[in-house]
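Report on the structure
The lines below spell out each chain.
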Amino acid sequence: MKRRGLRESGPLMALIVLVVFTAVLNPRFLTAFNLQTLGKQIAIFGILAIGETFVIMSGGGAIDLSPGSMVALTGVMVSWLMVHGVPVSIAIILILGFSVLVGVWHGFFVTKLGVPAFIITLGTLTMARGMAAVITRGWPIVGLPSHFLTIGQGDILKIPIPVWILLVVALVADFFLRKTVYEKHLRAVGGNEIAARFSGVNVSRVRMIAFMVSGFLAGVAGIIIAARLSQGQPGVGSMYELYAIASTVIGGTSLTGGEGSVLGAVVGASIISLLWNALVLLNVSTYWHNVVIGLVIVTAVTMDVLRKRMRASK
């Protein structure tokens, strides 16, 4: 437990330093409008990062490359359903159910057919992006119900609703990753799959659930994005899967599996979102944005590798 806390303390300290640094250089950072905008972005990346954490922790090189495209597809689908007369609540339930089924699809190919997670989720990435374009023919779907838009644009106690959704998701996910038998099984499978099998752990079920969680949370993020933009936009979500993966790694999740936390994923998502926000506020050219994010990702992965080497040498 102490080691998990140490893995999270570094990113948390980096986040605090980044907040102070940005606030000193640009006072606009602390304005209510900017903080609300930042909070909404953290919510999206945080929700996706939590789902990615489940998948990566399951080990075996598992990774989900589909969340970004799934955000676009689910946002388009929920918008299409509503403009064709489906009640908001029913449309949301249908889309979340569909998102879980996508997770089952991934889990089936990985656990039953032995297809690498990288390949099947890459296929879904391509198909989902294509289906979003097919449904919309490249045009956004507009005219969404006003009470649906509240999900992405409203606030409670001046805190954006997407942030509240992230909080609920984080609390539930944290419970499963710290207080249940599934947590022990997930860490066991990610740490040593062979030993987990000999211990009686159902490895296939553990990984299936991980992909289902990731799919479900991609659907949640897609619904929030559609509500936030007031439209089903087939072009949204580009690179989101990479930001989700980066958030998990920055937050201390090991790419080899078995180690990770919800708090780390949220902190990592906050760092990624804050970096984007800081670069915009400091008028840094957009050409440099991906360069900076890429350097952060490389640094985080390198630190994870060095950490493992140091541990193995002891």
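The structure under discussion appears in the preceding block.
The present account deals with the structure reproduced in this document. Note that the structure is a prediction, hence the values are computed from the model and not measured.

Ile44, Leu48, Ile50, Phe54, Val78 and Phe148 are the most contacted members of the largest nonpolar core, which has 86 residues in total. In contact with Leu48, not counting residues within four places along its chain, are Pro67, Val71, Leu217, Ala218, Ala221, Tyr240 and Ala244.

Computed from the structure, the second largest pocket encloses a volume of approximately 300 Å³. Lining the second largest pocket are Asn34, Thr37, Leu38, Gln41, Phe45, Arg228, Tyr243, Ser273, Trp276, Asn277, Val280 and Leu281. Of all elements in the fold, only helix 2 (32-57) and helix 12 (262-281) reach the threshold of two or more residues within the lining of the second largest pocket.

This next bit is on the environment of Phe175. Note on placement: Phe175 falls in helix 7 (residues 161-178). The spatial distance from the C-alpha of Phe175 to the C-alpha of Val262 is 9.3 Å, given a sequence separation of 87 residues.

Another point: the packing of aromatic side chains. Taken as a whole and assessed by the stated rule, the structure comprises seven aromatic pairs. On the basis of an interplanar angle of 55° and a centroid distance of 5.3 Å, the ring pair of Phe45 and Tyr243 is categorised as tilted. Here Phe45, found in helix 2, pairs with Tyr243, found in helix 11 (residues 240-250); they are 198 residues apart in sequence, far enough to count as distant. Using a relative accessible area of 3% as the deciding quantity, one classes Phe45 as buried. What makes Tyr243 buried here is its relative accessible area of 7%. A centroid spacing of 5.8 Å and a plane angle of 85° characterise the contact between Phe175 and Phe176, whose relative ring orientation is edge-to-face. Given the relative accessible area of 40%, Phe176 is considered partly exposed. Here the aromatic residues Phe45, Tyr240, Tyr243 and Trp276 are joined through ring pairs into a cluster of three or more.

So, about helix 2. With 26 residues, helix 2 ought to run about 38 Å at 1.5 Å a step, and its terminal C-alpha atoms sit 36 Å apart, in line with that. Of all 26 residues in helix 2, 21 are buried; the element is thus mostly enclosed. Gly59 occupies a position one or two residues after helix 2 and carries a positive phi of about 75°.

This part is about the pattern of salt bridges. Within the structure shown, the criterion is met by four salt bridges. One salt bridge connects Arg178 with Asp174, and the closest N-O pair in it is separated by 3.0 Å. Linking Arg178 with Asp174, this pair stays in helix 7, spanning four residues, or about one helical turn.

About the cut-offs
- Numbering of residues starts from 1 in every chain and runs along the sequence as written.
- Restriction of local features to residues with pLDDT of at least 70 applies here, the model being predicted, together with a cutoff of 80 or more for giving and counting side-chain atom pairs; totals for whole chains, interfaces and linings are based on all residues.
- Hydrogens are left out, water is left out, and the side-chain values use all remaining heavy atoms of the structure.
- Only buried residues count toward a nonpolar core, which is a set of Ala, Val, Leu, Ile, Met, Phe, Trp, Tyr and Cys residues joined through side-chain atoms within 4.5 Å.
- Exposed residues in this analysis have more than 50% of their type's maximum accessible area, buried residues have under 20%, and partly exposed residues fall in between, with area computed by a 1.4 Å probe over protein chains only.
- The contact definition used throughout considers only heavy atoms, calling two residues in contact when any of these lie within 4.5 Å.
- Only protein atoms enter the 1 Å grid used here, on which a cavity is any set of points holding a 1.4 Å probe that cannot leave and a pocket is any open set flanked by protein within 12 Å on both sides along at least five of seven lines; residues with an atom within 4 Å of a point are listed as lining.
- Grid points are joined across faces, edges and corners, and a volume is the space filled by probe spheres set on the points.
- Under the scheme used here, helices are H or I runs from DSSP no shorter than 4 residues and strands are E runs no shorter than 2 residues, and both carry numbers assigned from the N terminus.
- Classification of ring pairs rests on two measures: the distance between centres of Phe, Tyr or Trp rings, Trp counted by its six-membered ring, which must be within 6.5 Å, and the angle between planes, read as stacked under 30 degrees, edge-to-face over 60 and tilted in between.
- Take the residue count of a helix, subtract one, and multiply by 1.5 Å to get its expected span.
- Salt bridge, as used here, is a side-chain nitrogen of Lys or Arg placed within 4 Å of a carboxyl oxygen of Asp or Glu.

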